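Report on the structure
The primary structure of each chain is shown beneath.
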Amino acid sequence: DALRRASREVGFAGEMLASGQRTKDDAVDADAARERGNARYRQGAYGEAIDAYTESLRIAPSAAAHANRAMARLKLKDYNGVVEDCDACAALEPDYGSKVYHRRGVAKRELGEYLESVMDFERALRLEPTSGFLKEERKKSQRAFELEAKTRPTQTRYRVRIDDDDEDKGWATRSEAVAMECVRADDDMESESEEEVTIRRSRSTADAASAAEQSPAASIDVVNTDLVKAATKIATSKPLAPPRNGAEFEKTYRRAMKLASSSSADARVDVLRLVPVAKIPSMFAGGLDPDILTDVTTTVVRDMLAIDPPCALEWLDALPKLPRFAVSLALAPPPARDVLVRAFDAVVIERDAVARARAAFAL
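These lines cover the structure that appears in this document, whether it is placed above or below. (Residues numbered from 1 in each chain as written. Predicted model: local features only at pLDDT ≥ 70, side-chain atom pairs only at ≥ 80, totals over all residues. Heavy atoms only, no water.)

Along the chain, the regular secondary structure elements total 18 helices and 2 strands. Considering only intrachain contacts with a sequence separation of at least 6, the fraction spanning at least 24 residues in the chain is 59%. Summing over all exposed atoms, the chain offers an accessible surface of approximately 22,100 Å²; the carbon and sulfur share of this is 53%. (Helix = DSSP H or I, 4+ residues; strand = E, 2+ residues; numbered from the N terminus. Contact = heavy atoms within 4.5 Å. Areas by Shrake-Rupley, 256 points an atom, 1.4 Å probe, with all protein chains shown as cover.)

A word on the pattern of salt bridges. Side chains that carry opposite charge are capable of pairing whenever their charged atoms lie near each other. A full pass over the atoms with the stated rule returns 24 salt bridges. One salt bridge in this structure joins Asp 85 and Arg 73, with 3.0 Å as the shortest N-O distance. With Asp 85 in helix 4 (residues 79-92) and Arg 73 in helix 3 (residues 63-75), this residue pair connects regions lying 12 residues apart in the sequence. Taking relative accessible area as the criterion, Asp 85 reaches 0% and is therefore assigned buried. A salt bridge links Glu 137 to Lys 140, with the shortest nitrogen-to-oxygen separation between them at 3.5 Å. Of the two residues, Glu 137 and Lys 140 both sit in helix 7 (residues 132-149), 3 residues apart, roughly one turn of that helix. Residue Lys 140 is classed as partly exposed on the basis of its relative accessible area, which comes to 43%. Shared partners join several salt bridges into a network, and the residues in it are Asp 87, Arg 104, Lys 108, Asp 120 and Arg 123. (Salt bridge = Lys/Arg side-chain N within 4 Å of Asp/Glu carboxyl O. Buried < 20%, exposed > 50% of the residue type's maximum accessible area, 1.4 Å probe, protein only.)

This next bit is on helix 11 (residues 246-257). Over its 12 residues, helix 11 extends 16 Å from the first C-alpha to the last, a length consistent with the 16 Å expected when each residue adds 1.5 Å. Looking only at helix 11, the buried set comprises Gly 246, Phe 249, Glu 250, Thr 252, Tyr 253 and Ala 256. The backbone nitrogen of Ala 247 lies 3.2 Å from a side-chain oxygen of the residue at the head of helix 11, namely Asn 245. (Expected span 1.5 Å × (residues − 1). Polar contact = N/O pair within 3.5 Å; in protein donor to acceptor, adjacent residues only side chain to side chain.)

Evaluated as defined, the whole model comprises 7 aromatic pairs. Put simply, the rings of Phe 249, Tyr 253, Phe 284 and Trp 315 pair up and form one aromatic cluster. (Phe/Tyr/Trp six-rings, centres within 6.5 Å; stacked < 30°, edge-to-face > 60°.)

Structure below.
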């Protein structure tokens, strides 16, 4: 009995060892198949990439293989397949990353599931709250949902200004009634034909114009373009507040990018100098969008280096250490990368330090 029991124990141990070896071998084979899929994907052979990822999943299911196959399927517009893979990836690893929810959000939008798409982008933004790219994608899905559900119908309003001496200091009584009637009527647009809507709006416009003419103290509010320009100039001349997080930085920096070329460079440098270099890792914990990353680097090399070399070199040292740096740089638009290369080539001061920093950018 003792011999038989010992024999069974030895046999069981041998089976466990063999099982462990097979599991290890399977993992190696699955990783190899997934890497083949990655290589095919980079070559643009998306169908072959899907086959390789499928082989990897057959050997040993993994969240990474599902996520990668979802991306390849997205390229081929197999949106149902994308949703299937993203669901499987999230089931295996709920915290795999924002890209899974982003891919599923895109697929669901293409399938007409707009509200579910918005929810997926919300999940992605919880993982990368500063990503402007994800915010834009969420906005697209929100607009599509609103158009389909007609939750924001266009409302026609007529604004008529009256003298400040009037005790109401508000809208002229008759014109206000006409405007409010237009709003109420537009809320019921779905029950009218297109011709009826056109006739009603024409009459409402005529009524509003008549109300303005009959009120001697009323006048149409005319936008003064000179005042608008003056207000814009005042707004842009206000002192900049230091951004408290990545989202505020991106908003302020994009505003500076939109200024006229004569003042945009100075404005961008001013924004960068507001960020304490020690806080760069925590402020951009979610990484930087590709267009922002390349523009910030170009501004640092081309403009800030001449104004504040120590600060510029600290930025160049900190940027490559940000999360997803290599991915963001690889996804940058080619024209932006070309401008960045030219900026590095044109450096005439601190050449050795800049050359060391440039090596991290692989440019």
